Amino acid sequence: MKISFTTLGCKLNFAESSALAKALLERGHTRAGKGETADICIINTCSVTDAADHKDRQMIHRIRRQNPNAILIVTGCYAQLKPQEISHIDGVDYVLGQDQKFHLTEFIEQLENHQSNIYLSPIREVDDFHHAYSKDDRTRCFLKVQDGCNYFCSYCTIPLARGKSRNPSIASLVTKAQEAIDGGAKEIILSGVNIGDFGRSTNEHFIDLLRALDGLQGDYRIRISSCEPNLLSDEIIELVAHSRHFAPHFHIPLQSGSNTVLKIMGRRYTRELFAERVAHIKSVMPHAFIGVDCMVGVRGETADCWAEYVDFIESLPVSQLHVFTYSERANTRMLEMDLDIVPLKERERRSKQLHEISARKTETFYKEHEGYLATVLWESKIKNQKSEIEQPLMYGFTENYIKVSCPYDKAKVNTFERIVVPRQDSADIPTDTQD
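Here goes a summary of the coordinates provided. A quick note: this is a predicted structure, and the numbers were derived from the prediction, not measured.

Reading guide: rules and limits
- Residues numbered from 1 in each chain as written.
- Predicted model: local features only at pLDDT ≥ 70, side-chain atom pairs only at ≥ 80, totals over all residues.
- Heavy atoms only, no water.
- Helix = DSSP H or I, 4+ residues; strand = E, 2+ residues; numbered from the N terminus.
- Rg over C-alpha atoms; globule rule 2.2 N^0.38 Å.
- Buried < 20%, exposed > 50% of the residue type's maximum accessible area, 1.4 Å probe, protein only.
- Contact = heavy atoms within 4.5 Å.
- Areas by Shrake-Rupley, 256 points an atom, 1.4 Å probe, with all protein chains shown as cover.
- Lys, Arg positive; Asp, Glu negative; His and termini not counted.
- Charge placed at Lys NZ, Arg CZ, Asp CG, Glu CD.
- Pairing = 2+ DSSP bridges.
- Axes fitted to C-alpha atoms, helices over the stretch in contact; angles between N-to-C directions.
- Expected span 1.5 Å × (residues − 1).
- Salt bridge = Lys/Arg side-chain N within 4 Å of Asp/Glu carboxyl O.
- Polar contact = N/O pair within 3.5 Å; in protein donor to acceptor, adjacent residues only side chain to side chain.
- Phe/Tyr/Trp six-rings, centres within 6.5 Å; stacked < 30°, edge-to-face > 60°.
- Lys NZ or Arg CZ within 6 Å of the ring centre and 35° of its normal.
- Right-handed = clockwise from strand over helix to strand, strands pointing away.
- Core = buried A, V, L, I, M, F, W, Y, C linked by side-chain atoms within 4.5 Å.
- Left-handed = near helix turned anticlockwise from the far one by under 90°.
- Nonpolar A, V, L, I, M, F, W, Y, C, P; charged D, E, K, R; others polar.

## Quick look at the overall build of the chain
- The helix and strand inventory of the chain stands at 14 helices and 17 strands.
- The globule rule puts the C-alpha radius of gyration for 435 residues at 22 Å, and the 22 Å found for the chain is close to it.
- Considered along the principal axes of its C-alpha atoms, the chain spans approximately 60 × 60 × 50 Å.
- Scored against the burial criterion, the 435 residues of the chain give a buried share of 54%.
- When contacts within the chain are restricted to residue pairs at least 6 apart in sequence, long-range pairs at least 24 apart make up 73% of them.
- When the accessible surface of the chain is split by element, carbon and sulfur atoms take 49% of a total near 19,500 Å².
- For the chain, the separation between the mean place of its 53 positive charges and that of its 60 negative charges on side chains is 2 Å.

This is how it looks when you write it as structure tokens:
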């Protein structure tokens, strides 16, 4: 059958969708080409915020309009958290939970035996780890190294959607990573829900995984995706600083710059610890790119807390902010707290303020690195080319995540090149759009 995959959300979702698609292709199914209608449409959803749920619903309706006669299967975090809600969306045939998602090939082959449209296991019973990695234009590979989370922050539903923290062995991940490199991947992004918690299932440690991956054979580099500040140890920072393959690029969730709010959130660090981590990175890797997750508008974020938050963000030598606006999520502890509620309009204002700070910090980071000798991994043609007569461009990222472009040259795709970082107009500097 012709099958289409649509993936929303995080790198982990993309890695899992890629692994599921590969399994289906190995069973003899084919991907629906561009413009072709599919026999089966699979939508792998995100549910990190209400906005994500809204995008999921929009995508479900769009896919159904484009494929009116296809079997439509919805899976992912939204499916695990709100299966009944999805099942009542016109056009949805089946809803698969997180565990059932990994039995998709068997499910599709036995569709005629399925009567109900919801297949779900209680998330507390989900404890298997399923390997996955995705490749984007052969260049980037999102390698799943960990799943689930045991932190239960007061605002977050991810543990309810993904289950408890778990991981495979270092040896198995080394095999998967080497397989990706041998297949042409030049950049591996370590992905998971809480990757710094790696080792809980196997009595191993994240730092040992990093050392093992640093010793693989081939011409490649590795990026560490989001890692909690309390788990981003000095040892990890030093390893990256002296590594042969790890990129000087960190993504660290802050969520709030107020210790009062961090305590309300149930975060496991203070802003002082966060500042220490950033200072250590910059002391040993002054050129490192540091992205920061920021949430605005949670309950209890008073005007004084917000002022502290903004002052703290302004003081940090970070490169970019990834801003999320708080939305009330069912079954979270924050809804039970007797705290002041930030009005929606004020949440929007605070989000806009952080986006403006982020744009300034990113531009400053780019300007500071003009003339810097760097290694770029060229990816592909820029998709937003404005006209057919324009010379096509290709883009790539340096090791410290500066986006650069040059005239398109097919021979350069998926290759490293030493360059001098050029001067760039403000309009060409990428800004974060997450909200």
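## Examining the sheet that holds strand S17 (residues 416-420)
- Strand order in the open sheet formed by four strands is S16-S15-S14-S17, and the pairing between neighbours is antiparallel. In this open sheet, the two edge strands, each paired with only one partner strand, are strand S16 (403-407) and S17. Adjacent strand axes in the sheet meet at a mean angle of 45 degrees when their direction is disregarded.
- By the bridge criterion, five bridges tie strand S15 (residues 393-398) to S16 in an arrangement that is antiparallel. Across the sheet, the residue bridging to Phe 397 is Lys 403, located in S16.

## Here's the deal with the sheet that holds strand S2 (residues 30-31)
- What the six strands build is an open sheet, ordered S2-S1-S3-S4-S5-S6; its pairing is parallel. Two strands in the sheet have a free side with no partner beyond their single neighbour: S2 and strand S6 (118-119).
- Pairing of strand S3 (residues 40-45) with strand S4 (residues 71-76), which is carried by six bridges, proceeds in the parallel orientation. Along S4, the bridge assignment pairs Ile 42 with Ile 73.
- Relative to the sheet, helix H1 (residues 11-26) contacts strand S1 (2-7), S2 and S3, its axis offset from that of S1 by approximately 175 degrees.

## Regarding helix H12 (residues 271-284)
- The end-to-end C-alpha separation of H12 is 20 Å, in line with the 20 Å expected for 14 residues at 1.5 Å each.
- Those residues of H12 that sit buried are Leu 273, Phe 274, Arg 277, Val 278, His 280, Ile 281 and Lys 282.
- Packed against the buried residues of H12 are helix H10 (234-242), strand S11 (249-255), strand S12 (289-296), helix H13 (303-315) and helix H14 (344-368).

## Section: the side chain of Lys 282
- Turning to its location among the elements, Lys 282 is positioned in helix H12.
- At 5.8 Å, Glu 368 is the nearest oppositely charged side chain to Lys 282, a buried residue that forms no salt bridge.
- At 2.8 Å, the side chain of Lys 282 and the backbone oxygen of Ala 288 are in polar contact.
- In this structure, Lys 282 is in contact with His 287, Ala 288, Ile 290, Pro 317 and Phe 365, ignoring residues within four places of it in sequence.

## Comments concerning the pattern of salt bridges
- Scanning the model with the defined rule gives 33 salt bridges in all.
- As a salt-bridge pair, Arg 27 and Glu 109 come within 2.9 Å of each other at their nearest N and O atoms. Taken together, the residues span a long stretch of sequence, with Arg 27 in the loop between H1 and S2 and Glu 109 in helix H6 (residues 104-109) at a distance of 82 residues.
- Residue classification places Arg 27 among the partly exposed positions, given a relative accessible area of 43%.
- Connected through shared salt-bridge partners, Glu 16, Lys 101, Lys 144, Asp 147, Arg 162 and Arg 166 make up one network.

## What to know about the packing of aromatic side chains
- In the structure shown here, the tally under the stated rule is nine aromatic pairs.
- Relative to Phe 107, the ring of Tyr 94 has its centre 5.2 Å away and its plane inclined at 85 degrees; by these criteria the two rings are edge-to-face. In this pair, Tyr 94 sits in strand S5 (residues 94-96) while Phe 107 sits in helix H6, placing the two residues 13 residues apart along the sequence.
- Taking the centre distance of 6.3 Å and the plane angle of 40 degrees together, the rings of Tyr 94 and Tyr 119 count as tilted. Of this pair, Tyr 94 sits in strand S5 while Tyr 119 sits in strand S6, and the two are 25 residues apart along the sequence.
- These aromatic residues form a ring-pair network of at least three members: Phe 289, Phe 365, Tyr 395, Phe 397 and Tyr 401.
- Lying across the ring of Tyr 151, Arg 268 places its NZ or CZ 3.8 Å from the centre.
- It is Lys 403 that lies over the ring of Tyr 395; its NZ or CZ is 4.6 Å from the centre.

## Considerations on the pairing of strand S13 (residues 320-325)
- Most of S13 is tucked away: five of the six residues are buried.
- Taken together, S12, H13 and S13 form a β-α-β motif whose crossover is right-handed.

## Brief notes about the nonpolar core
- Of all hydrophobic cores here, the largest spans 56 residues; its most connected members are Leu 190, Phe 206, Ile 224, Phe 246, Ile 281, Leu 321 and Leu 354.
- Residues Ala 32, Val 74, Ile 86 and Val 92 belong to the second largest nonpolar core, which totals 17 residues.

## Section: the packing of helix H8 (residues 170-182) against helix H9 (residues 206-214)
- The geometry of H8 relative to H9 is characterised by a closest axis approach of 10 Å and an angle of 35 degrees between their N-to-C directions. Classified by chirality, the crossing of H9 by H8 is right-handed. Two secondary-structure elements touch here, H8 through Ile 170, Leu 173, Val 174 and Ala 177 and H9 through Asp 208, Leu 209, Ala 212 and Leu 213.
- By residue class, the composition of the contact of H8 with H9 is seven nonpolar, no polar and one charged.

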